[in-house]
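Secondary and tertiary structure notes
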Amino acid sequence: MPYYSGVLPSVTARAPRGGYLVPRSYAPLIADKLTLHGLSYETLDRPVDHLRTEVFRATGADSSTAPFEGRMQLTVQGTWRAEPQSLPGGGLFVPIAQPGARLLITLLEPQSPDSLAAWGFFNSHFEQKEYVEPYVTAILAAQMLEQDPALADEFRAEPAKDAAFAADPVARREFFERRHASWDTRFAMYPVLRTELIP
């Protein structure tokens, strides 16, 4: 029988220097979970504008095919990146400087196997909502190509760089959708933010 003398992590995360920011829409849910686990937090009474934060944007999200313990679980792929955000009052600041910091990271890092994200509490953020119909996108794309020569050059060069893009009509349509003002910039964005500062 093999003897395993050590444990190797399959997922690692860097703790934010300041802590986590939870938007007002999730404050009651997250506050309940934090309290249940003996973790401290503060309510943000005032709005916070253009705070230096890190945002997790998913590049992939796989949901379970069947519920487990009553929840549809989710596995996300993606990265954190610096991106200023504003929060209305009523959200939470969860400081990393507390005795249960490791548990806090386990709960709020989206790629943690036992995070609130993995247990499906934020699934709606990773669902593509109804969007512009493809035939409307075709009309918008023609207008965008006509009005923006640099965009037209970029679009024409893309198939030569990426064979998958050249063969995928959905990817070509999304090229224009992502650059149009109607694109949902919060799609696939994890709602909990990291911050290096204490607001």
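Located above this text is the structure these notes cover.
Residues numbered from 1 in each chain as written. Predicted model: local features only at pLDDT ≥ 70, side-chain atom pairs only at ≥ 80, totals over all residues. Heavy atoms only, no water.

Points about the nonpolar core
By size, the foremost hydrophobic cluster in this structure holds 30 residues, and its most contacted members are Y20, I30, L104, L108, F122, F126 and Y190. Those elements that provide at least two residues to this core are β1 (19-22), α1 (27-36), β4 (53-63), β5 (74-82), β7 (92-95) and α2 (101-108). Top element by residues in this core is α2. It accounts for 5 residues. Residues L44, V48, L87 and F93 belong to the second largest nonpolar core, which totals 9 residues. (Core = buried A, V, L, I, M, F, W, Y, C linked by side-chain atoms within 4.5 Å. Buried < 20%, exposed > 50% of the residue type's maximum accessible area, 1.4 Å probe, protein only. Helix = DSSP H or I, 4+ residues; strand = E, 2+ residues; numbered from the N terminus.)

A closer look at the side chain of R57
Positionally, R57 belongs in strand β4. Polar contacts involving the side chain of R57 include one to the side chain of E83, which spans 2.7 Å. (Polar contact = N/O pair within 3.5 Å; in protein donor to acceptor, adjacent residues only side chain to side chain.)

A word on the sheet that holds β4
Taken together, the 6 strands give an open sheet; going across it, the order is β2-β7-β1-β8-β4-β5, and neighbouring strands pair in antiparallel fashion. Strands at the two margins of the open sheet, each flanked by one partner only, are β2 (42-43) and β5. Summarising the sheet, β4 and strand β8 (residues 193-195) pair through 2 bridges and their orientation is antiparallel. Its bridge partner being in β8, E54 is matched across the sheet by R194. (Pairing = 2+ DSSP bridges.)

A few points about α1
Of the positions making up α1, those classed as buried are A27, I30, A31 and L34. In a view along the axis of α1, the buried residues occupy a sector of 105°, so they form one face of it. What points out from α1, more than 90 degrees from its buried face, is the exposed set P28, D32 and L36. Each element contacted by the buried residues of α1 is listed here: β1, β7 and α2. Note on α1: the residue one or two positions beyond its end, G38, has a positive phi of about 75°. (Arc of directions from axis to C-beta. Contact = heavy atoms within 4.5 Å.)

Topic: the packing of aromatic side chains
As enumerated under the stated definition, the model contains 11 aromatic pairs in all. Taking the centre distance of 4.8 Å and the plane angle of 70° together, the rings of Y26 and F122 count as edge-to-face. With a gap of 96 residues between them, Y26 in the loop between β1 and α1 and F122 in the loop between α2 and α3 (134-147) connect regions that are remote in the sequence. For the residue pair Y26 and F122, the accessibility class agrees, reading buried in each case. Taking 5.2 Å as the distance between ring centres and 50° as the angle between the ring planes, the aromatic pair formed by F155 and F175 counts as tilted. Within this pair, whereas F155 is found in helix α4 (residues 149-161), its partner F175 is found in helix α6 (residues 169-177), the two being separated by 20 residues in sequence. A relative accessible area of 18% means that F155 is categorised as buried. When the ring centre of F121 is taken as reference, the NZ or CZ atom of R71 above it lies at 3.9 Å. (Phe/Tyr/Trp six-rings, centres within 6.5 Å; stacked < 30°, edge-to-face > 60°. Lys NZ or Arg CZ within 6 Å of the ring centre and 35° of its normal.)

A word on the packing of α4 against α6
Axis separation between α4 and α6 bottoms out at 12 Å; the angle between their running directions is 160°. Regarding the angle of α4 to α6, the classification is roughly antiparallel. In this structure, α4 meets α6 at a crossing whose hand is right-handed. Side by side, α4 and α6 meet where L151, E154 and F155 of the first sit next to R172, F175 and F176 of the second. In terms of residue class, the contact of α4 with α6 is made up of 4 nonpolar, no polar and 2 charged. (Axes fitted to C-alpha atoms, helices over the stretch in contact; angles between N-to-C directions. Parallel < 35°, antiparallel > 145°, perpendicular 65-115°, else oblique. Left-handed = near helix turned anticlockwise from the far one by under 90°. Nonpolar A, V, L, I, M, F, W, Y, C, P; charged D, E, K, R; others polar.)

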